[in-house]
Amino acid sequence: MIITIKLRGTLTKYFDGQKEKTIEVPDNCTAEEALRSVGIDWKMIPSFGFVAINGKRVMIYDKLHPGDELKAYSKISGG
């Protein structure tokens, strides 16, 4: 199935500065599996925040569907 992955904040460096990629992933793929397929291991990124599917914040283990838009956000810090 085809999905779009969009990275936000400091995570865009994992797409060489690009903000999104459209990729093909297996049916019943999770958000975590989709990110891993493009080389992003969220557990190894200290600044990783959360994911959203089609604008709704979800768990990393939630399943994707054809045409979904997966967004990954970095943690926000300020001071």
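To be clear, the structure that these remarks concern was listed above.
Residue positions within a chain follow its written sequence, with the count starting from 1. With the structure being a predicted model, the display of local features is reserved for residues of pLDDT at least 70 and the display and counting of side-chain atom pairs for 80 or more, all residues being used for whole-chain, interface and lining totals. Heavy atoms throughout the structure, all of them, feed into the side-chain values; hydrogens and water do not.

Caption draft 1: Inspection of the packing of aromatic side chains at higher detail. Working definition: a ring pair exists when centres of Phe, Tyr or Trp rings (six-membered ring for Trp) sit within 6.5 Å. Plane angles under 30 degrees give stacked, over 60 give edge-to-face, the rest tilted. A full pass over the atoms with the stated rule returns two aromatic pairs. Judged by centre distance (6.0 Å) and plane angle (50 degrees), the ring pair of tryptophan 42 and phenylalanine 48 falls under tilted. For tryptophan 42, a relative accessible area of 23% puts it in the partly exposed group. Over the face of the ring belonging to phenylalanine 50 we find arginine 57, whose NZ or CZ atom lies 4.2 Å from the ring centre. Three labels apply to residues, based on accessible area from a 1.4 Å probe with only protein chains included: buried if under 20% of the type maximum, exposed if over 50%, partly exposed otherwise in between. Should the NZ of a Lys or the CZ of an Arg lie within 6 Å of a ring centre and within 35 degrees of the ring normal, that charge is described as sitting over the ring.

Caption draft 2: How the structure looks around the environment of proline 66. Secondary-structure assignment places proline 66 in the loop between strand 4 (56-58) and strand 5 (69-74). Its relative accessible area of 62% is what places proline 66 among the exposed residues. Linking proline 66 and cysteine 29, residues 37 residues apart in sequence, is a C-alpha distance of 9.9 Å. Here a residue-residue contact requires only that any non-hydrogen atoms of the pair lie within 4.5 Å. Leaving out residues up to four positions away in the same chain, proline 66 has contacts with Met1 and Ile2. Numbered from the N terminus, helices here are DSSP runs of H or I no shorter than four residues, and strands are runs of E no shorter than two.

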